[in-house]
Every structure is written in C-alpha cells, then in structure tokens.
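Chain residues, written in single-letter form:
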Amino acid sequence: MSKKPFSLQTSLIHSRGFDKETGAVSTPIHHATTFHQQDFDQYGTYDYSRSGNPTRETVEETIAELERGVRGFAFSSGMAAISTSFLLLSSGDHVLVSEEVYGGTYRMITEVLTKFDIEYSFVNMKDLHEVACAIKHNTKVIYMETPSNPLLNITDIEGVVKLAKANDCLTFLDNTFMTPLLQRPISLGVDVVLHSATKFLAGHSDVLAGLAVTGDEEIAGKLAFLQNSFGAVLGVQDCWLLLRGLKTLHVRLKESSESAYKIASFLEGRKEVEEVYYPGLSYHPGREIQVRQAEGPGAVLSFRLKGEEEVKQLIKHVNIPVFAVSLGAVESILSYPSRMSHASMPKAERERRGITDGLLRLSVGLENADELIKDLQKGLDSIQQINRSNVINL
Ligand SMILES: *Cc1c(COP(=O)(O)O)cnc(C)c1O
C-alpha cells in the first residue's frame, strides 16, 4: 500500500499498487484456504483464509486507507459487518441507536442482541439534547446513520462524538450513503465506520459485501479477533468484484450526485410532489451540518406524493429506474419504503417517522439525467390523469 497521502480519487486507482511477484495491475484472486508452513513453530503471514487471505487483505487495506483508519475488515454482507461489530458489546450493556436506522440493523438490535441481554433505546439523533438525555449509565455504543434512510435526515457527527466521549461510549456510524469520498467519520472522532459495500462501493448490483474500519489499534485488535471467531468473511471472488467496483467510485458518485441534484430540483417544482428530501437542496433542514461534515449530498433522495394510489400510478408509467430495494448502483433504483424496507414496521410507527404511503426513494444511477427527468415527468403527468378521472367519476 502506498504511504503517500494522495487524493482519494487517485488512491482509488493506485492504492493497492501492483502485484509484488508478477507486476499484475489487477489484484490476483487467491483461492487457497490454507498456506504451507515451513515448520511447526514457523508461521508465515497467512495460515488459513478465514484468519487472513491476501486478496481480502487488499480490500481491507484499501478501505482503511480511504476511510483514513488504521485497519479495515471485509465481511460477507453489510449486516455481517454490523452484527460482528456489535459483538464488541457484552451482556448488560446498552446501545443507543438512531431511530432512523436501516431495517436489518433494527432487526439485529431488537430481536437478536436482546437475547444476549444487550439493551437498546432509539433516539432522534437530529436532536443532541435528546441524545444527551438518552445516554444511560450502561450505554457503551452510540450508533449513527447519516444521512438517514429514507428521509435523508442529518446527524451532527461531531456533536454526538463529543457526548459519547464525555460518557465513555464508543461511536459506530453506518457510512453506506456517503462512502469515504463524501464523509470520513474517523476524522470526526467516530470509532467504528460500517458499510454495506453492496451499495455504492461495489456499485453494480452484483456483489453482497460489508466493511468495518477503525482508527484505533485496540478496537482493531478486538475486531480482528471477532471477525475470525464469527467467521462471516468476504469470499475472494467477491473481494475482487468489490476492488473492481471501487476503481470507478469517484466518477460514479460524481455523476450520480449531479443527476440527483437535477432530479431533486425538478421534483420540487412539480405540484404532484408534496415534499422532496435531499441534503443538496438549500432548504434541507440538515444542510448546514451536511456542508460542514461532508463533501457532498450524495445520490439518494426521496419525495412524497399524496398517497398510495399516486405512487401506483407513477410506478406504472416510469420505465428507466429499476423498481426494487437496494441503492447505490449504476442503475437508478426506485423503491417504496412503506412496502419494502420498512414494511415490517407498524404503520403508526412508520408514519410517525414520516414514512407515509406516498413516500418514494430514488437512488440515482448513471443514466442520462435528462432522460430520467423525462421519465419521471411522464409518471407525474399520469397522476394528473387519475385525478382528472376521479373528478369525472364524481
Ligand atoms: C443495505 C444496507 C445495509 C445492509 O447491508 P447488506 O449488504 O444488505 O447486508 C446496512 N446499512 C445500510 C444503510 C444499507 O443501505
């Protein structure tokens, strides 16, 4: 790994260097699960692939460098990275979690950690006063996700870190929506950064992967132990796909973010759209904090239509975005949180969080932005038609 502090854009291409033995510019895939040992008391760098593998190590060093941490860990999914990191907790501990957390993380915390007597509470992370009040004597981790899913609310990372440090808690942050190109939580004092690398980092809707990074040697030692003990490591073929995807992260994110801004601006001018949530818009409530702590608003936005019928009509008339869960891909992905990512949440709870039946989330991909806008325009125009036919039916 290069020690020179190149820009992240350059690091994405060159940080891993060439293969030492052959000069190959693409990282070799080491399928070996076991490694020859010279003698019973002489150990090489690698012994068994769960504990360490050269291909996986390249991924781990790359993400550590991008996040400006000391060590990275690659897992078989985002949830494997998140769940393994939670094993830093012990029974009797309490975790304080953003109420707008990813659904899988919500499930892990509420239905799995509780079996091991790890307590939790959810808090509105936008409000530092509420965070301060919710910290308990046994709180060991404060868990953030910013911008949040699906409403793109912003947490003041340094504000939460300050409260955590004053109360002897660790901070975890799910950085999936931003990637290290836009937000580097370790430099803001966060202890463990987590990723669903399935999304922007790999970027092509073809590999499931997770990453954890820390800037602290002691936590790194514990995570290495847990990664090896739990064993949910990323396979070498998937490591290679992730490395391949990472090379174009800068250009993908730049293009997608620019298109997201154009689309958000278009949507806010349409009367069928009640609200647009995108941290790049001047009136976004978290905009000031976002500008301070991140280098861009990213490529995910959501918008609110009147209700379910309008959503149904729009989806029927748009052709370009894939209608699916997930995000951060070359394809634009349109999803419907109330029936997809947040379907398991009781309706009242969902609506309290602003996830109404009219809310749609759009992860902007690499299609031509003007064509995406035209496509959405067609969908929105079709809503006017149902409204008109309702009037006629009356
Ligand atoms: C998708 C996602 C996860 C879970 O990652 P998987 O790779 O699907 O296990 C966690 N956090 C966020 C914000 C996500 O979008």
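Please read all numbers here as calculations on a predicted model, not as lab measurements.

Observations regarding the environment of His250
Position of His250 among the secondary structure elements: in helix 10 (residues 249-268). Remark: the alpha-carbon pair of His250 and Pro28, spanning 222 residues in sequence, is separated by 23 Å.

Topic: unusual backbone geometry
The omega torsion across Thr146 and Pro147 is -5°, close enough to zero to call that bond cis. With respect to the secondary-structure elements, Pro147 resides in the loop between strand 4 (139-145) and helix 6 (157-166). Here Asn149 and Pro150 are connected by a cis peptide whose omega angle stands at 0°. Positive phi, normally seen in glycine, also occurs at Leu152, with a value near 60°. Its location among the elements puts Leu152 in the loop between strand 4 and helix 6. Residue classification places Leu152 among the buried residues on the basis of a relative accessible area of 1%. Positioned with a positive phi, Ser326 is a non-glycine residue whose angle comes to about 80°.

Points about the site of the ligand
Around the ligand, 13 residues are found, and the nearest of them are Gly78, Met79, Asp174, Thr198 and Lys199. Here Thr198 contributes a side-chain N or O atom positioned 2.7 Å from an oxygen atom of the ligand. In this structure, Lys199 approaches the ligand through a side-chain N or O atom, which is 2.7 Å from an oxygen atom. Protein burial of the ligand: of its 380 Å² of free accessible surface, 93% is covered by the chains. When residues of the shell around the ligand are assigned to their parent elements, the largest contribution, 3 residues, is made by helix 3 (residues 78-86). Of the residues belonging to the shell around the ligand, the class tally is 5 nonpolar, 5 polar and 3 charged.

Examining the domain arrangement of the chain
Entries for the chain in the domain assignment read domain 1 (11-246) and domain 2 (250-393). Relative placement of domain 1 and domain 2: their C-alpha centres are 28 Å apart. Taken together, the contact between domain 1 and domain 2 spans 29 residues of the former and 36 residues of the latter. Put simply, domain 1 and domain 2 have 3 salt bridges between them. We note a salt bridge from Arg184 to Glu295, for which the minimum N-O separation is 2.5 Å. Our count for the contact surface shared by domain 1 and domain 2 stands at 15 residue pairs in polar contact (both at pLDDT 80 or more).

Structural notes on the environment of Gly245
With respect to the element layout, Gly245 can be found in helix 9 (residues 236-246). With relative accessibility at 1%, the residue Gly245 sits in the buried group. Residues Gly245 and Tyr336, 91 residues apart in the sequence, show an inter-C-alpha distance of 26 Å. If we skip the residues at most four places from it in the chain, Gly245 touches Leu201, Ala202, His204 and Arg252.

Focus on the pairing of strand 2 (residues 94-98)
Within a regular strand, side chains alternate between the sheet's two faces. Counting buried positions along strand 2 yields 5 of 5 residues, so the element is predominantly enclosed. In terms of strand pairing, strand 2 meets strand 3 (residues 119-123) through 5 bridges, oriented parallel. What sits directly across from Leu96, in strand 3, is Ser121. Between strand 2 and its parallel partner strand 3, the chain crosses via helix 4 (residues 103-112), and the hand of that crossover is right-handed. The pairing of strand 2 with strand 4 spans 4 bridges and is classified as parallel. Residue pairing for strand 4: Val95 is matched across the bridge by Val141.

Conventions we followed
Residues numbered from 1 in each chain as written. Predicted model: local features only at pLDDT ≥ 70, side-chain atom pairs only at ≥ 80, totals over all residues. Heavy atoms only, no water. Helix = DSSP H or I, 4+ residues; strand = E, 2+ residues; numbered from the N terminus. Buried < 20%, exposed > 50% of the residue type's maximum accessible area, 1.4 Å probe, protein only. Near = heavy atom within 4 Å. Polar contact = N/O pair within 3.5 Å; in protein donor to acceptor, adjacent residues only side chain to side chain. Areas by Shrake-Rupley, 256 points an atom, 1.4 Å probe, with all protein chains shown as cover. Nonpolar A, V, L, I, M, F, W, Y, C, P; charged D, E, K, R; others polar. Domains from an automatic or database assignment. Contact = heavy atoms within 4.5 Å. Salt bridge = Lys/Arg side-chain N within 4 Å of Asp/Glu carboxyl O. Pairing = 2+ DSSP bridges. Right-handed = clockwise from strand over helix to strand, strands pointing away.

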